[in-house]
Amino acid sequence: MNEMAMTAREILNLIDWLRNEGYGDDKVVECIEAVEGRKSDKEKGKEKGAE
């Protein structure tokens, strides 16, 4: 498996770009978690509701 990683500088640039696009801090964190492969709390709640 070929893994790619973002540098700290790339993450900071992403954060700046998201904020400039109007994303709030919560949405910025959600986006970074999604890119990392984590599920957001909303997605976890949907799974629990589907049980």
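Analysis parameters
Residues numbered from 1 in each chain as written. Predicted model: local features only at pLDDT ≥ 70, side-chain atom pairs only at ≥ 80, totals over all residues. Heavy atoms only, no water. Helix = DSSP H or I, 4+ residues; strand = E, 2+ residues; numbered from the N terminus. Expected span 1.5 Å × (residues − 1). pLDDT = per-residue confidence, 0-100. Axes fitted to C-alpha atoms, helices over the stretch in contact; angles between N-to-C directions. Parallel < 35°, antiparallel > 145°, perpendicular 65-115°, else oblique. Left-handed = near helix turned anticlockwise from the far one by under 90°. Contact = heavy atoms within 4.5 Å. Nonpolar A, V, L, I, M, F, W, Y, C, P; charged D, E, K, R; others polar. Salt bridge = Lys/Arg side-chain N within 4 Å of Asp/Glu carboxyl O. Buried < 20%, exposed > 50% of the residue type's maximum accessible area, 1.4 Å probe, protein only.

Here we take up helix 2 (residues 25–36). Every α-helix winds through 3.6 residues per turn, so residues three or four apart in the chain are directed the same way. With 12 residues, helix 2 should reach 16 Å at 1.5 Å per residue; the first-to-last C-alpha distance of 17 Å fits that figure. Two residues or fewer past helix 2, Gly37 is found with a positive phi of approximately 110°.

Glancing now at helix 1 (residues 8–20). When the terminal C-alpha atoms of helix 1 are compared, their 18 Å separation across 13 residues agrees well with the 18 Å that a helix rising 1.5 Å per residue should span. One or two residues past the end of helix 1 sits Gly22, with phi positive at roughly 100°.

Moving on, we get to the confidence of the model for the protein chain. The predicted model of the protein chain has a mean per-residue pLDDT of 81, with 69% of residues at 70 or higher. Averaged over each element, pLDDT in the protein chain is lowest for helix 3 (residues 41–50) (60) and highest for helix 1 (95).

It is at 10 Å that the axes of helix 1 and helix 2 come closest, and there the two elements cross at 135°. Between helix 1 and helix 2, the crossing angle belongs to the class labelled oblique. In this structure, helix 1 meets helix 2 at a crossing whose hand is right-handed. Judged by residue contacts, Ile11, Leu14, Ile15, Leu18 and Arg19 of helix 1 engage Asp25, Val28, Cys31 and Ile32 from helix 2. A per-class count over the contact of helix 1 with helix 2 returns seven nonpolar, no polar and two charged.

This part is about the pattern of salt bridges. Under the definition given, this model contains two salt bridges. Between Arg19 and Asp25 there is a salt bridge whose closest N-O contact spans 3.1 Å. Residue classification places Asp25 among the partly exposed positions, given a relative accessible area of 48%. Ionic pairing is found between Lys27 and Glu30, a salt bridge with its closest N-O pair at 3.4 Å. With a gap of three residues between them, Lys27 and Glu30 both fall in helix 2, about one helical turn apart.

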